[in-house]
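Topology and contacts: notes
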Amino acid sequence: MQENIWISILKANKLMRSPDEVTAFENALASIADRPQDEDLPDLHLILDDRCEQPEVMFSLIHFLESFDVSAQIQAFVTVVPQLMLVASEWTRILHSRILNDGDACRLYRDTLHSLNSQEPNFVRQLLEESASYNLNKREPKLELAR
């Protein structure tokens, strides 16, 4: 399957070192946003890069990722997270935190991580699963036993 030309443009310009790269990035993202495809989600996550010189522009990619169905977005994220951590540990942390801050997304995240870790254990994903479980346990009210 041929890679989406717009994703290629995003990859080529993801460091946003010049106004031309910023413009190319923004235009490519706008073109992808016109026809979002769930199958592009893993590649879109892997565009994130901590070396980007225009983080406020990169946040437009974060917002676009979050516009997808939460299940598809989380599935893509947990699939690529071991790769993503290598070049975008800060962006990975941001996405992780944003998922944890939404109760329904956090439950789905924990369950997705648990399922994937059961099939194919991965240290990073196991840590993320523990983090999600801890976060949910903090949130959920504890039932007091009547005395």
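Residues numbered from 1 in each chain as written. Predicted model: local features only at pLDDT ≥ 70, side-chain atom pairs only at ≥ 80, totals over all residues. Heavy atoms only, no water.

1. Describing the overall build of the protein
Threshold: Starting at the N terminus, helices and strands are each numbered in turn, a helix being any DSSP run of H or I of at least four residues and a strand any DSSP run of E of at least two. Accessible area is worked out with a 1.4 Å probe on protein chains only. A residue is then buried under 20% of its type maximum, exposed over 50%, and partly exposed in between. Note on definitions: a residue-residue contact is assigned when non-hydrogen atoms from the two residues lie within 4.5 Å. Only the protein chains shown count as cover for residues, with accessible areas throughout obtained via the Shrake-Rupley method and a probe of 1.4 Å.
Broken down by element type, the protein carries eight helices and zero strands. With the C-alpha coordinates aligned to their principal axes, the bounding extent of the protein is approximately 70 × 30 × 25 Å. Split into buried and exposed, the 147 residues of the protein put 39% on the buried side. Across the protein, contacts joining residues at least 24 apart in sequence account for 68% of those joining residues at least 6 apart. When the accessible surface of the protein is summed, it comes to about 8600 Å², and 52% of that surface belongs to carbon and sulfur atoms.

2. Re the pattern of salt bridges
Formally: Within this document, salt bridges are pairs made up of a side-chain nitrogen of Lys or Arg and a carboxyl oxygen of Asp or Glu, the two lying within 4 Å of each other.
Counting across every chain of the model gives eight salt bridges. Between Arg 93 and Glu 90 there is a salt bridge; the shortest N-O distance is 2.4 Å. In this pair, Arg 93 and Glu 90 are both assigned in helix α6 (residues 89-100), three residues apart and thus about one turn of the helix distant. Among the charged side chains, a salt-bridge network with shared partners connects Lys 14, Asp 49 and Arg 51.

3. A look at the packing of aromatic side chains
Rule in force here: Here the aromatic set is Phe, Tyr and Trp, taking the six-membered ring for Trp, and pairing holds for ring centres within 6.5 Å; pairs whose planes are under 30 degrees apart are stacked, those over 60 apart are edge-to-face, and all others are tilted.
Under the counting rule described, the total for this entry stands at three aromatic pairs. Ring centres of Phe 59 and Trp 91 lie 5.1 Å apart, and the angle between their planes is 75 degrees; this geometry places the pair in the edge-to-face category. One end of the pair, Phe 59, is in helix α4 (residues 55-66); the other, Trp 91, is in helix α6, with 32 residues separating them in the sequence. On the accessibility criterion, Phe 59 (26% relative accessible area) is partly exposed. Between Phe 64 and Phe 68, the ring centres sit 5.1 Å apart and the planes meet at 75 degrees, which makes this aromatic pair edge-to-face. Each member of the pair, Phe 64 together with Phe 68, is buried.

4. Side note on the confidence of the model for the protein
What counts, and what does not: On a range of 0 to 100, pLDDT expresses the predictor's confidence in each residue.
When pLDDT is averaged along the protein, the result is 91, and 92% of the positions lie at 70 or above. The secondary structure element of the protein with the lowest average pLDDT is helix α8 (residues 123-139), at 83, and the one with the highest is helix α3 (residues 41-45), at 98.

5. Regarding the nonpolar core
Most often, soluble globular proteins have nonpolar side chains that are buried together. Short version of the rule: What makes a nonpolar core is a set of buried Ala, Val, Leu, Ile, Met, Phe, Trp, Tyr and Cys residues whose side-chain atoms join them at distances within 4.5 Å.
With 41 residues, the main nonpolar core has Phe 25, Leu 44, Leu 48, Leu 61 and Tyr 109 as its most contacted residues. Within the residue set of this core, elements represented by two or more residues are α1 (5-13), α2 (19-34), α3, α4, α5 (70-87), α6, α7 (103-119) and α8. With seven residues, α5 is the largest single contributor of residues to this core. Other than its neighbours up to four places away in sequence, Tyr 109 contacts Ile 74, Phe 77, Val 78, His 96, Ile 99, Leu 100, Leu 128 and Ala 132.

6. Considerations on the environment of Ala 28
Its location among the elements puts Ala 28 in helix α2. Look at Ala 28 and you get buried, because its relative accessible area is 1%. Linking Ala 28 and Arg 17, residues eleven residues apart in sequence, is a C-alpha distance of 16 Å. In contact with Ala 28, other than residues within four places in its own chain, are Trp 6, Ile 9 and Leu 10.

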